Amino acid sequence: MIASLTGILTSIGKSEIILEVNGVGYLLNVSSKLLSSLGEIGSKLSVFTDLQIKDDKMLLYGFATYADQNFFRLLQ
């Protein structure tokens with residue numbers, strides 16, 4: 001399981017970001033709350049994550065705090 005990531009913010013979308021960690025870009029689905037608190041592209045960012053593996057895809061979710069990550073897991 002990928003529990004957290006720290007890297008450089010390289011892209012910001014409507015509900016996702018790309019975080020580059022050691023040359024690998026991770027697509028993270030994030031909340032609007034996290035999107036509104038992001039710095040500029042090129043800034044350093046640390047997020048807690050939740051990886052979900054489904055039959056046809058893998059989804060990686062990013063959270064600003066450990067509490068947000070745990071709340072998401074409770075909802076699942």
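Preceding block: the structure.
Since we're looking at a predicted model, the values are computed, not measured.

> How would you summarise the overall build of the protein if you had to cite specific residues and measurements?
Tallying secondary structure elements over the protein gives 2 helices and 5 strands in all. From first element to last, N terminus to C terminus, the protein shows the α and β order β-β-β-α-β-β-α. In terms of overall size, the protein behaves like a compact globule, its C-alpha atoms giving a radius of gyration of 12 Å where 76 residues would be expected to give roughly 11 Å. Oriented by its inertia axes, the alpha-carbon framework of the protein measures out at about 30 × 25 × 20 Å. Residue burial in the protein is summarised as follows: out of 76 residues, 30% are buried.

> Before we move on, could you go through the side chain of glutamine 69 and cite the residues and values that matter?
Its location among the elements puts glutamine 69 in helix 2 (residues 66-75). By relative accessible area, glutamine 69 is classed as buried at 2%. Among the polar contacts listed, one links the side chain of glutamine 69 to the backbone oxygen of threonine 49, at a separation of 2.5 Å.

> Run through the pattern of salt bridges, naming residues and quoting values.
On inspection of all chains with the given rule, the structure shows 2 salt bridges. Residue aspartate 68 pairs with lysine 33 through a salt bridge whose shortest N-O separation is 3.6 Å. Within this pair, whereas aspartate 68 is found in helix 2, its partner lysine 33 is found in helix 1 (residues 32-37), the two being separated by 35 residues in sequence.

> So what about the packing of aromatic side chains? Which residues, and what values?
Evaluation of the coordinates by the stated rule reveals 3 aromatic pairs. Pairwise contacts between aromatic rings join Tyr61, Phe63 and Phe72 into one cluster.

> For the pairing of strand 1 (residues 4-12), give the residues involved together with the corresponding values.
Direction of pairing for strand 1 relative to strand 4 (residues 44-53): antiparallel, over a ladder of 5 bridges. Paired with glycine 7 across the strands is leucine 45, a residue of strand 4. Pairing analysis gives 4 bridges linking strand 1 to strand 2 (residues 16-21), with the strands arranged antiparallel. Counterpart to leucine 9 in the pairing with strand 2 is leucine 19. Once strand 1 ends, the chain turns through 3 residues before running back antiparallel as strand 2.

> Can you break down the pairing of strand 5 (residues 58-63) residue by residue, with the values?
Along strand 5, 5 of the 6 residues are buried, which leaves the element largely enclosed by surrounding structure. Sheet topology places strand 4 next to strand 5; 6 bridges connect them, and they run antiparallel. Bridge pairing links phenylalanine 48 to phenylalanine 63 in strand 5. The turn linking strand 4 back onto strand 5 is made up of 4 residues.

Basis of the calculations
Every chain is numbered independently, its residues counted from 1 as its sequence is written. Local features in a predicted model are, by the rule used here, given only for residues with pLDDT of at least 70; side-chain atom pairs are given and counted only at 80 or more, and totals for whole chains, interfaces and linings are based on all residues. Remark: hydrogens and water are excluded; side-chain values derive from all non-hydrogen atoms of the structure. Strands here mean DSSP runs of E at least two residues long; helices mean DSSP runs of H or I at least four residues long; both are numbered from the N terminus. Only C-alpha atoms enter the radius of gyration, while the globule expectation follows 2.2 Å times N to the 0.38, with N the number of residues. For the exposure calls, accessible area comes from a 1.4 Å probe over protein chains only, and a residue counts as buried if that area is under 20% of its type's maximum, exposed if over 50%, partly exposed in between. Polar contact criterion, stated in full: a pair of N or O atoms within 3.5 Å, where within protein one must be able to donate a hydrogen and the other to accept it, and residues adjacent in sequence count only if both atoms are side-chain atoms. A side-chain nitrogen of Lys or Arg and a carboxyl oxygen of Asp or Glu constitute a salt bridge if their distance falls within 4 Å. Aromatic rings from Phe, Tyr and Trp, taking only the six-membered ring of Trp, are treated as a pair when their centres fall within 6.5 Å; an angle between ring planes under 30 degrees marks them as stacked, one over 60 as edge-to-face, and anything in between as tilted. Strands pair, by our definition, only if DSSP identifies at least two bridges between them.

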